[in-house]
Structure formats: C-alpha cells, structure tokens
Amino acid sequence: MATQDIGPEQLRRLADELENFEEIAEQLRPSPGDIPELDGLEIDGLLMPLLGAIGGDHVVYVDFKKRYDLDALARRAAAAGRPEVARQLELNKRRAGILLADVAGHRITDALVAAMLHQAFLLGAYYELEDHGQITTRLIEHLKTRFFESTNIKKLVAMVYGELDDAGRFRFVSAGHVPPLVFSRKFDRLMPLDADRTVSETPLGLLPGESGAAPNAPRPLAPPAPEPPVVNEIQLLGEGDVLLLATDGLTDHAGGRYVAEELGPALARVKDLSAREICAYLRESILAYAPQEDDISFVVAKRLPAPPVPR
C-alpha cells in the first residue's frame, strides 16, 4: 500500500495503536528498585531518555537486604552443610549491587529488550545467591549466552554490573560498557584509572558466554567463546570521593567534550552536596552544555565522612 493510499481514518487508527503500544511499554518497564542504603556511602541516579519517557538505558539497584531474605537463605545453607555460602550471604548485608545497561537505540522495542535483561538478571541473581551466597561472573556468562542465542534480539547490549561495599570498594564486570569515572575530592578533579582496572568484555548479544550455547540449542557460526569475564576493582579512598557510572550517552555528549572539559569542574562545584543533589546538578549541566543526542543515564556513589570517634 502506498503512503498516499492511507486515509485519515487509517492514520487515526495507527496513531491510536502506537499510543496504546507506548502505554503498554511504559507499564511493562520494570522499576529499578530501591536505591541501596549502605553505611558510609550515598547513592543516587538518573535516567534521561532521548525520546519521551522510554529509552534503551536501564538501571537495576540491588539492595540485598531489601530484595532478598538473606537470613532465611543463610539458615538453609547452614542446614545443608554449606557454611561458606552462609558466610557470603551474611556479607551481602554490607554490599550493594548496581547494574547499568545500554541497549543500542532509543525506541520502545529497545526499552523492552532492557526489560528482558532486568528480569533475566534478577532471576539469575536469586539462584546465584542460593548456589554461591553471592553473585558471580557465571551470571554474566549466562546472560551473554541467553542474548546471543535469542533469534529475536538483534540489538547489542552494553552493561556493567558492580558491587559497592561499606569500605568504598567497587568490584565490577563490564560487557562492552564505558569505564567508570572517579572524582577525587582531595585533588578536586577526575582521576585517571589504569587500563588493567577497567577491562571490558564483549557486549551481550555478540558472543556466547564461556560455556557456549546450551547443548541442544542451535549454534550460529561465531568466533570462539571468550575467556571468563575479568573482575575489576576500584577503591574510593577519600571522604567525598565520587564514583560515576554512566552510559555512553554521557561520555559521548557533545562529541566527548562534556566529559573532557566540563564534567570535572561541574563535580568540583557540587562535591559537598548529596548524591541526589549532584545528580540533579549534572542533569542541568549536561543539557546546558549541548543538546542531548542520545539516552543519557548515570549513577553517583559518594563516600561519606567517617563518623566521629567517641571519646
């Protein structure tokens, strides 16, 4: 059917169907979850979709104490003679997980891919806690295989999953995601990070995980599976240090000039504010610097001053 053959009534119906699809997609979009509460740290984040309220970026917060009954899981592990699993479950009370994903594109269908990742990740996380007491790189490998095998997924997905602990240590695995950024309050600037602390693997959907596809699944032609993901580690040493996880919509903003020229000074201006206030300021700073051209999402984690030692 040629475009000129579509009448006003058909156009109205198409518009109604599109609006209905957008409403359904918005309802299906999963909540990131409660922002984690962790002693010594303050966390907040923002999603800035390019088109409307839905985009390809997504964040999942894992406050282990709220999402899972760690005590019940630990009791079952101890009763089954698995003390190390029970110990790891207890340590999760001092950890918080953050997943930040970037599905290529800005459309409703890209948001639905992000929703698929959300559900697959949280389901896998529960079984990881049951089996190991903690989330391991196996989960990332399973996700890579799942998205590689899916005949319906034609988009690459960059993602980073990491865990902060109450000592300010951030351990993370990256699948095609841009590296984290660290602002030092002491030195009043963004700090360079060594390449061996920001190793990234292939994005989801490009290659299977190390274990490859399931035995009975079709095996598309592909290069050999990669090695297991590298677990990177960053330490927020000083009070007021800020860890910034962001999608490439931020790092590529204005051709990369925003991060190179303005992000450090912007963080210096708000370094004494709360994580929520920092996020709000960065949003205004980003939009004032240049027009938005991509979905932009970021999570801020700020190390708080140590409580005074009682005399």
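This text goes with the structure placed above it.
Residues numbered from 1 in each chain as written. Predicted model: local features only at pLDDT ≥ 70, side-chain atom pairs only at ≥ 80, totals over all residues. Heavy atoms only, no water.

**Q** Describe the overall build of the protein chain, and please don't skip the residues or the numbers.
**A** In terms of helices and strands, the protein chain carries 9 helices and 11 strands. Within the protein chain, the fraction of its 311 residues that count as buried is 45%. Within the protein chain, residue pairs in contact and separated by at least 24 positions form 77% of the contacts whose partners lie at least 6 positions apart. Accessible surface computed for the protein chain: about 16000 Å², of which carbon and sulfur atoms make up 55%. (Helix = DSSP H or I, 4+ residues; strand = E, 2+ residues; numbered from the N terminus. Buried < 20%, exposed > 50% of the residue type's maximum accessible area, 1.4 Å probe, protein only. Contact = heavy atoms within 4.5 Å. Areas by Shrake-Rupley, 256 points an atom, 1.4 Å probe, with all protein chains shown as cover.)

**Q** Could you give me a rundown of empty space enclosed by the protein, with the residues and numbers involved?
**A** Across all of its chains, the model carries 1 cavity of 30 Å³ or more by this definition. A volume near 30 Å³ is recorded for the largest cavity. The wall of the largest cavity is formed by 10 residues, among which Met48, Pro49, Asp57, Asp295 and Ser297 lie closest to the centre. Only β1 (41-48) and β11 (296-303) provide two or more residues apiece to the lining of the largest cavity. Along the lines of polarity and charge, the residues of the lining of the largest cavity split into 4 nonpolar, 3 polar and 3 charged. (1 Å grid on protein atoms, 1.4 Å probe; cavity = no way out; pocket = protein on both sides within 12 Å on 5 of 7 lines; lining within 4 Å. Points joined across faces, edges and corners; volume = space filled by probe spheres on them. Nonpolar A, V, L, I, M, F, W, Y, C, P; charged D, E, K, R; others polar.)

**Q** Got a sec to walk through the nonpolar core? Specific residues and values, please.
**A** In summary, soluble globular proteins display a tendency toward joint burial of nonpolar side chains. Tyr68, Leu117, Phe121, Met159 and Tyr161 are the most contacted members of the largest nonpolar core, which totals 32 residues. Where this core is concerned, the elements lending two or more residues are β2 (57-62), α3 (70-79), α4 (83-91), β3 (95-103), α5 (108-132), α6 (137-149), β4 (157-165) and β5 (169-175). When residues in this core are grouped by element, the largest group, 7 residues, is from α5. Ignoring any residue separated from it by four or fewer positions in sequence, one finds Phe121 in contact with Val60, Val62, Leu99, Ile135, Leu139, Leu143 and Tyr161. Listed in part, the 22 residues of the second largest apolar core include Leu263, Val270, Cys279 and Phe298. (Core = buried A, V, L, I, M, F, W, Y, C linked by side-chain atoms within 4.5 Å.)

**Q** Give a description of the environment of Asp252 that names residues and reports values.
**A** In this fold, Asp252 is placed in the loop between α7 (248-251) and α8 (257-269). Relative accessible area serves as the criterion here: at 48%, Asp252 is assigned to the partly exposed category. As a C-alpha pair, Asp252 and Ile296 span 44 residues in sequence and 9.5 Å in three-dimensional space.

**Q** With reference to specific residues and values, describe the packing of α4 against α5.
**A** Direction vectors running N to C along α4 and α5 enclose 130 degrees, while the axes themselves pass 7 Å from each other. Judged on the interaxial angle alone, α5 and α4 are oblique. Between α4, through Val85, Gln88 and Leu89, and α5, the contact on the second element is made entirely by Leu129, Glu130, Asp131 and His132. Here the contact of α4 with α5 is composed, by residue class, of 3 nonpolar, 2 polar and 2 charged. (Axes fitted to C-alpha atoms, helices over the stretch in contact; angles between N-to-C directions. Parallel < 35°, antiparallel > 145°, perpendicular 65-115°, else oblique.)

**Q** Before we move on, could you go through the sheet that holds strand β10 (residues 242-246) and cite the residues and values that matter?
**A** Taken in spatial order, the 5 strands make up an open sheet running β1-β11-β10-β6-β7, and their pairing is antiparallel. Single-partner strands in this sheet number two, and they are β1 and β7 (189-191). Put simply, the sheet's adjacent strands are angled 25 degrees from each other on average, direction ignored. Summarising the sheet, strand β6 (residues 181-184) and β7 pair through 3 bridges and their orientation is antiparallel. By the bridge assignment for β7, Ser184 is matched with Arg189. Where α8 meets the sheet, its contacts fall on β6, β7 and β10, and the angle it forms with β6 comes to roughly 45 degrees. Together, β1, β10 and β11 form the strand contacts of helix α9 (residues 275-289), whose direction differs from that of β1 by roughly 30 degrees. (Pairing = 2+ DSSP bridges.)

**Q** Describe in detail a nonpolar patch on the surface, supporting the description with residues and values.
**A** Residues Leu123, Tyr126 and Tyr127 make up a contiguous nonpolar surface patch of roughly 300 Å² in combined accessible area. Following the sequence through the fold, Tyr127 ends up in helix α5. Under the relative-accessibility criterion, Tyr127 is labelled partly exposed at 46%. (Patch = residues over 30% accessible without salt bridge, like charges linked within 9 Å, V, L, I, M, F, W, Y side chains within 5 Å. Salt bridge = Lys/Arg side-chain N within 4 Å of Asp/Glu carboxyl O.)

**Q** How would you sum up the layout of surface pockets? Please name residues and give values.
**A** The space that makes up the largest pocket amounts to roughly 280 Å³. Lining the largest pocket are 15 residues, with Gln134, Ile135, Glu163, Arg171 and Val231 positioned closest to its centre. When residues of the lining of the largest pocket are traced back to their parent elements, those giving at least two are α6, β4 and β5. Residues of the lining of the largest pocket, tallied by class, amount to 7 nonpolar, 3 polar and 5 charged.

**Q** How would you summarise the pattern of salt bridges if you had to cite specific residues and measurements?
**A** All chains considered together, the criterion is met by 17 salt bridges. Of the charged contacts, one joins Lys93 and Glu90 as a salt bridge, the two residues approaching to 3.3 Å between their closest N and O atoms. Its relative accessible area of 29% is what places Lys93 among the partly exposed residues. Close ionic contact of Glu233 with Arg169 constitutes a salt bridge, the shortest N to O distance being 3.9 Å. Here Glu233 is found in strand β9 (residues 232-235), whereas its partner Arg169 is found in strand β5, with 64 residues between them in sequence. Judged by its relative accessible area of 35%, Glu233 falls in the partly exposed class. By sharing partners, the salt bridges in this structure join Asp165, Arg169, Arg171 and Glu233 into a single network.

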